Amino acid sequence: MYTGKRTDPPSRTWLIPAGVALAVVLAAIAVFAALALGQSAAQPPQPSPSAPPVPSLTPTPAPTPEPTPTPTPDQAERMLGSMSLHEKVCQLFIVQPGDLTPGELTAAGTAAQGALEEYPVGGLLFDTSNLVSLTQAHAMLSNLQSFSKIPLILTCDEEGGRVNRLMRTIGTTYVGPMLEFKDQGPDKAAENARTIAKDMKFCGFNMDLAPVADVWSNPANTVIGDRAYSDDFDQAAGLVAAAVEGFHEGGVACALKHFPGHGDTSADSHYGSVYVYKSLDELRAAELLPFQAGIEAGADAVMMGHLIIADVDDQPALFSYKIVTELLREELGFDGVVITDGLKMRAMTDHYGSGDIAVGAVQAGVDLLLSPQDLGEAVAALTKAVEDGTISTQRLDESVLRVLRLKIDRGIIPAA
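### As for the overall build of the protein
Here is step 1: Secondary structure assignment for the protein yields 15 helices and 10 strands.
Here is step 2: Considering only contacts in the protein between residues 6 or more positions apart, those separated by 24 or more positions represent 77%.
Here is step 3: Surface exposure of the protein reaches about 20700 Å², of which carbon and sulfur atoms provide 56%.

See below:
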């Protein structure tokens, strides 16, 4: 009997017949190949499109609009804003020294200073009774300017020829009547105006009540006559425009006169009413041509003649809204200073009081009232008209602004 150690039986080995194994391998290869071919035949995977952005539920706020800037007031408006009603009304007057101080015609002392404080007028008009010598004139004008809170327009009628104030008194350069130069052309008209202006400025004046824009179309008219630049309307237009430029080059403001044309009249408004018997169309084709040319050349002021245009109105032109505002301002485009002719002429004083003249003229569109017969009455009437609404504050301010701007534009008021 065998008694040694027992050994475990050997592990069983599974043997797959060779043919079966080969079949299994071939089947596996076939399955793998089929899967591979199926994948290659299919479309490659596409990336998912990105979703459109979701609009915001909160709308984008509109940009904040820029505030409209408040216009900066110009110098004239700033000055106007600090003026009293009395100062505004007084700015609409140009008076003669004797209207303020009857005893002081050739000097300016304490009486003149007090008068200008009481009536701070826009300017002063001088004639031969106020002028003795160059030294006297210069001292008088300098003193008057120093007395005035708002610088003054200092003016006179210095046309040349028979209408002059300086040539015959203090001996400034003599220039003959304008009609004598009519065929020498615009350059000569400008030269004459420049000469007159330089002499005036040297004396202390800053405005001339010239040039005459009337045309001497009626030989019987003696009030205009050789004061006119021509007896032809087209020629006068060119000469008047050149004269405006000459006055400015010489350093003074100027005024076209006597609107809408005094050259075809036979009467003189110094002594009574004067009528013009022409239609507006006739005036446009003739009398208005030199005024239009002077306005386009930059004339500072237009003087209203004491003329009744019968076809337009039954009252003097300075009272006529149709003539001052509709014709001169709107049709001819003039936005400068409208000034009256002298208000002591009998065409005015025979029919109207100083107060009525002042109110009626400003209502029509006039800015400056020249030498009223009674300054106190005229100032009081205008003041009352503004206070009771007969003349609006806006209407008053329009005229004051025009006067101030003339002074600023011509250096009478220093620019600030």
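There's more to say after this.
### Looking at the packing of aromatic side chains
Here is step 1: One pass over the full model with this rule turns up 4 aromatic pairs.
Here is step 2: Ring plane angle 85° and centroid distance 5.7 Å describe the contact between Phe126 and Phe205, whose orientation is recorded as edge-to-face. On the criterion of sequence distance, the pair formed by Phe126 in the loop between strand S2 (123-125) and helix H6 (134-147) and Phe205 in the loop between helix H7 (185-203) and strand S4 (207-208) is long-range, its members being 79 residues apart. The same class applies to Phe126 as to Phe205, namely buried.
Here is step 3: Aromatic pair Phe259 and Phe291: ring centres 5.2 Å apart, planes at 85°, arrangement edge-to-face. Of this pair, Phe259 sits in strand S5 (residues 253-259) while Phe291 sits in helix H10 (residues 288-296); the two residues are 32 residues apart in sequence, bridging distant segments of the chain.
Here is step 4: With relative accessibility at 0%, the residue Phe259 sits in the buried group.
Here is step 5: Among the residues examined, Phe291 registers a relative accessible area of 0% and is labelled buried.

### Here we look at the side chain of Thr340
Here is step 1: Assignment of secondary structure puts Thr340 in strand S9 (residues 337-340).
Here is step 2: Overall, Thr340 belongs to the buried group, its relative accessible area being 0%.

Basis of the calculations
Residues numbered from 1 in each chain as written. Predicted model: local features only at pLDDT ≥ 70, side-chain atom pairs only at ≥ 80, totals over all residues. Heavy atoms only, no water. Helix = DSSP H or I, 4+ residues; strand = E, 2+ residues; numbered from the N terminus. Contact = heavy atoms within 4.5 Å. Areas by Shrake-Rupley, 256 points an atom, 1.4 Å probe, with all protein chains shown as cover. Phe/Tyr/Trp six-rings, centres within 6.5 Å; stacked < 30°, edge-to-face > 60°. Buried < 20%, exposed > 50% of the residue type's maximum accessible area, 1.4 Å probe, protein only.

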